[in-house]
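A structural walkthrough
One-letter residues, chain by chain:
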Amino acid sequence: MTIDILAGKQNRDGGWPYVRGASWTEPTVYSVLAMLAAGETERAGRGLKWILRTGRPDGGFAPHPGVEESTWVTALVALVPPERLGAAGHERAIRWLLATTGKESTAIYRLREWLLGNVRPAEDEFAGWPWFPDTAAWVGPTSLAILAMEKENRRRPSEEIARRVGQGRGFLMNRMCREGGWNHGSVRALGYESQPYPETTGMALAALGGVDAPEVRRSVDVARRFLAECRSADALNWLRLGLLAHGGITAGWCRPKAVECRTLPEMSLDMLVGEAQKGRNLLWS
Amino acid sequence: MNRKISRRQWLAGSIAAAGAAGLASCKRERPPAPSRVSIVRAPAYDQRLYEAVRRLLEEHQVDVRGRHVVLKPNLVEFEPGSSINTNPLLVHAALEAFRSRGAASIQIAEGPGHRRNTLDLAEAAGYFGIVPRFEELFQDLNLDEVTRVRPSRPFSRLDKLYLPNTALRAGLLVSMPKMKTHHWVGATLSMKNLFGVVPGGVYGWPKNVLHWAGITESIADLHAAFPRQFAIVDGIVGMEGNGPIQGVPKSAGVLVAGADPVAVDATCCRIMRINPYGIGYLKLATGGVEEQISERNIRQLGEKIAAVATPFDLIPEFQALRLDNS
């Protein structure tokens, strides 16, 4: 059973590693959600305490206890239900996300570029989220932040959050590859078209749930093609989540037996996607 | 003839020149004797590689007895059969060669810059099929334990960097890049390959913090952060044009190796017919003292550069780096 394997990998400090070794925030969040789905509340509780210890004074969360900066993992922490994480910690994570953008969208950077006479690239029109402070926005962290903010907006509707989600979705639409789908967030490199990746295509589609546009439908087709060809557990998890947000997974699709979950986030996300397929989506409901 | 200088060239040149001038006194201490660099003909990815790598290590008298060796290939994209990733046969040949020289332990480690699913990427690149017990030997540097390092004299704007313990604790870090052109820095070789040690688990995919801090300068900082290195460059089939991903395969038929990555990279540039003095990170690493990477100051072993020189196509922005034009 996946849940037994996950339980056996919990560190003494309450967190989970990526594969083995010290605890990190990303695997701990996914494992906590999987434990909550399985009713393992004691283990989930110890994981939640570990997560709260990675909180930073600025309201965000660090990816690892030894890191002194709040990063993209704050969006993952904000996916944890506030009644489990604690309302104060959850609210701080949402505030941190609201205050964070890619460096290219900050007022100071835009003023500097304007003074230098540089034209703002079309893909920088909307503000996404970065992986790490003071760097540019990318598809992965933007998708995760949208999922967290949307979840919060459904729980407690807010114009401020809805506006920020709209910005993030505009960013994703601008970073879509020409053929549909997404890579890490670079549409062109020196004039050459870049190709989409399966995992980021799934992430962006999940974040664009409810958005109906021809480009999104084109990306759904790309995701269905990836789903048939892909042999990566991480990518298959996100493709399934992305397709679930847009009408469902291809009828008759079965996960290829040869695909292995090689990390704990892959394993716990696989379990959460399975729950979502049964109509119990702990990630964004 | 009037030659237009693009903004990219101007910026690259200015940054490198300013950095080199200002930091000449901060240069990394260089070995007093000329660095030794080997060039070995290797026409194909076949069993002959095992003997070729063994001879290379013998030639350099690499002493790894009782030491922990980390082999750092370049894994970038899921495109089997392309020339993007370091070939797994070469990495396995290196593993066998270091093992036969008495290494206490050997790991293969990499942290790709764009793709999060590193083991899947390694599988697609053929590593599971070629290297027995690959998964046990492999460490994903994106997800490794990290230590905060503060460069004493940083070239870039980074005052600190989180780096993976697997690489920091290596008795010998073996950079095993592909010989490729690079659309931002001209060429990507053993020094640029160290971008792969920067942990995505902290900085994300891509490791954009290095771009904002200055790519050229960050390469020089990473080089300085790892004093115990050896380089083996996979130039059997490299990449020319719009590298490091969208270029086209280029057969150079060589392995280039040595204990001084700066000298190894300068030699690779000459084989590719690229002017090494035009590569910003080489300027920084030598403190702007061109003489340090002159052919006179690098003791070439094996093949002569002229005998294996293979011009790699460069994108228009880097035509000025063409060695034959200089």
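Residues numbered from 1 in each chain as written. Chains lettered and ligands numbered in written order. Predicted model: local features only at pLDDT ≥ 70, side-chain atom pairs only at ≥ 80, totals over all residues.

Thoughts on the overall build of chain B
For clarity, the threshold we go by: Secondary structure elements are defined from DSSP: runs of H or I of at least 4 residues count as helices, runs of E of at least 2 residues count as strands, and each element is numbered from the N terminus. The exposure scheme places C-beta atoms from the backbone and then counts, for each residue, the other C-beta atoms within 10 Å of its own, assigning buried at 20 or more, exposed at 12 or fewer, and partly exposed in between. Here, residue contact means that the backbone-derived C-beta atoms of the two residues sit within 7 Å.
A count of helices and strands for chain B gives 13 helices and 12 strands. Put simply, chain B has 326 residues, and 56% of those count as buried. Long-range pairs, those at least 24 residues apart, make up 77% of the contacts in chain B between residues at least 6 apart in sequence.

Brief notes about the overall build of chain A
This is how the line gets drawn: It is over C-alpha atoms that the radius of gyration is taken, and the globule rule equals 2.2 Å times the number of residues to the power 0.38.
The helix and strand tally for chain A stands at 13 helices and 2 strands. Taken over the C-alpha trace, chain A has a radius of gyration of 18 Å; the compact-globule value for 285 residues is 19 Å, and the two agree within 12%. When each of the 285 residues of chain A is scored for burial, the buried share is 52%. Partitioning the contacts of chain A with sequence separation of at least 6, the portion at a separation of at least 24 is 62%.

What about the interface of chain A and chain B?
To be explicit about the condition: Under the convention adopted here, Pro, Cys and the residues Ala, Val, Leu, Ile, Met, Phe, Trp and Tyr are nonpolar, Asp, Glu, Lys and Arg are charged, and Gly plus all remaining residues are polar.
Across the boundary between the two partners, chain A contributes 30 residues, which contact 24 residues of chain B. Along the lines of polarity and charge, the residues of the side of chain A that touches chain B split into 17 nonpolar, 7 polar and 6 charged.

What to know about the pairing of strand β2 (residues 68-73) of chain B
Remember that side chains alternate between the two faces of the sheet whenever the strand is regular. Residues and elements named next belong to chain B. Quick reminder of the rule: Two strands form a pair only when DSSP identifies at least two bridges running between them. Orient the strands so they point away from the viewer; a crossover is then right-handed if the path from the first strand over the helix to the second runs clockwise.
With 5 of its 6 residues buried, β2 lies for the most part within the structure. Relative to strand β3 (residues 105-110), β2 runs parallel, the two being bridged by 4 bridges. Bridging from a neighbouring strand, H68 pairs with S105 of β3. Handedness of the crossover joining β2 and β3 through helix α3 (residues 88-100): right-handed. Taken together, the 5 bridges between β2 and strand β7 (residues 172-176) define a ladder with parallel strand orientation. Considered in β7, the bridge of V70 is made with L173.

Observations concerning the nonpolar core
Our working definition: Note on terminology: a nonpolar core is any set of buried Ala, Val, Leu, Ile, Met, Phe, Trp, Tyr and Cys residues joined through C-beta atoms within 7 Å.
Among the nonpolar cores identified, the biggest contains 182 residues, and A94(B) and I232(B) are the most heavily contacted of them. For A94(B), the contacting residues outside a window of four places in its chain are V53(B), L71(B), V174(B), M176(B) and I232(B).

Notes on the environment of L323(B)
Residue and element names in this part refer to chain B. For L323, the position within the fold is in the segment after α13 (305-308). Taking the C-alpha atoms as reference points, L323 and R273, 50 residues apart in sequence, are found 5.0 Å from one another. L323 has contacts with R270, R273, I274 and N275, leaving out every residue within four places of it along the chain.

Description of the packing of helix α2 (residues 25-37) of chain A against helix α13 (residues 264-277) of chain A
Residue and element names in this part refer to chain A. Note the cut-off: Angular values range over 0 to 180 degrees, each being the angle between N-to-C directions of two axes fitted as lines to C-alpha atoms, with helices fitted over their stretch in contact. For any pair of crossing helices, the crossing counts as left-handed if the nearer helix is rotated counterclockwise from the farther one by less than a right angle, and right-handed if it is rotated clockwise.
It is at 9 Å that the axes of α2 and α13 come closest, and there the two elements cross at 35°. In the packing of α2 onto α13, the handedness of the crossing is left-handed. When α2 is examined against α13, the residues E26, P27, Y30, S31, L33, A34 and A37 are found in contact with a partner set consisting of L264, P265, S268, L269, M271, L272 and E275. Residue composition of the contact of α2 with α13, grouped by class: 10 nonpolar, 2 polar and 2 charged.

Examining unusual backbone geometry
Residue and element names in this part refer to chain B. The peptide bond linking W205 to P206 adopts the cis configuration, its omega dihedral lying at 15°. Looking at where P206 falls in the secondary structure, it is placed in the loop between α8 (200-203) and α9 (208-213). At the junction of G243 and P244, the peptide bond is cis and its omega measures out at 15° in the coordinates. Along the polypeptide, P244 turns up in the loop between β10 (229-240) and β11 (248-258). Although it is not a glycine, Q61 adopts a positive phi angle of roughly 50°.

Some thoughts on the confidence of the model for chain B
All names here are of chain B. Quick reminder of the rule: A score from 0 to 100, pLDDT tells how confident the predictor is in each residue.
The predicted model of chain B averages 91 in pLDDT, with 90% of residues at 70 or higher. A low-confidence stretch, residues 1-27 stays under pLDDT 50, and its non-local contacts, those more than four residues away or across chains, total 29 contacts. Among the prediction metrics, the complex's ipTM stands at 0.95, with pTM recorded as 0.92.

Observations concerning α3(B)
Residue and element names in this part refer to chain B. As a reminder of what qualifies: Given a helix with a known number of residues, its expected span is that number minus one, times 1.5 Å.
Taking 1.5 Å of rise per residue, the 13 residues of α3 would be expected to cover 18 Å, and the 18 Å separating its terminal C-alpha atoms lies within 8% of that figure. Most of α3 sits out of view: 10 of its 13 residues are buried. Restricting attention to buried positions, one finds in α3 the residues P88, L89, L90, V91, H92, A93, A94, L95, A97 and F98. Contact partners of the buried residues in α3: α2 (48-59), β2, β3, α5 (127-130), β7 and β10.

Digging into the environment of G242(A)
Residue and element names in this part refer to chain A. Within the fold, G242 resides in helix α12 (residues 233-244). Through-space distance from the C-alpha of G242 to that of L172 is 14 Å; in sequence the pair is 70 residues apart. Not counting residues within four places of it along the chain, the set of residues in contact with G242 comprises T201, G202, M203, L205, A206 and A223.

Focus on the packing of helix α11 (residues 214-229) of chain A against α12(A)
Residue and element names in this part refer to chain A. Between α11 and α12, the shortest axis-to-axis distance is 10 Å and the interhelical angle comes to 145°. The chirality of how α11 crosses α12 is left-handed. From α11, V220, A223, R224, F226 and L227 reach across to α12, where they touch A235, L239, G242 and L243. Grouping the constituent residues of the contact of α11 with α12 by class yields 7 nonpolar, 1 polar and 1 charged.

Section: the pairing of strand β8 (residues 178-182) of chain B
All names here are of chain B. Burial within β8 is extensive, with 5 of its 5 residues counted as buried. Residues K178, K180 and H182 of β8 are buried on one face, and the alternating residues M179 and T181, pointing to the opposite face, are buried as well. Two elements, β8 and strand β9 (residues 186-188), share 3 bridges in a ladder whose sense is antiparallel. Following the sheet pairing, H182 is matched in β9 by G186. Linking β8 to β9, which pair antiparallel, is a turn of 3 residues.

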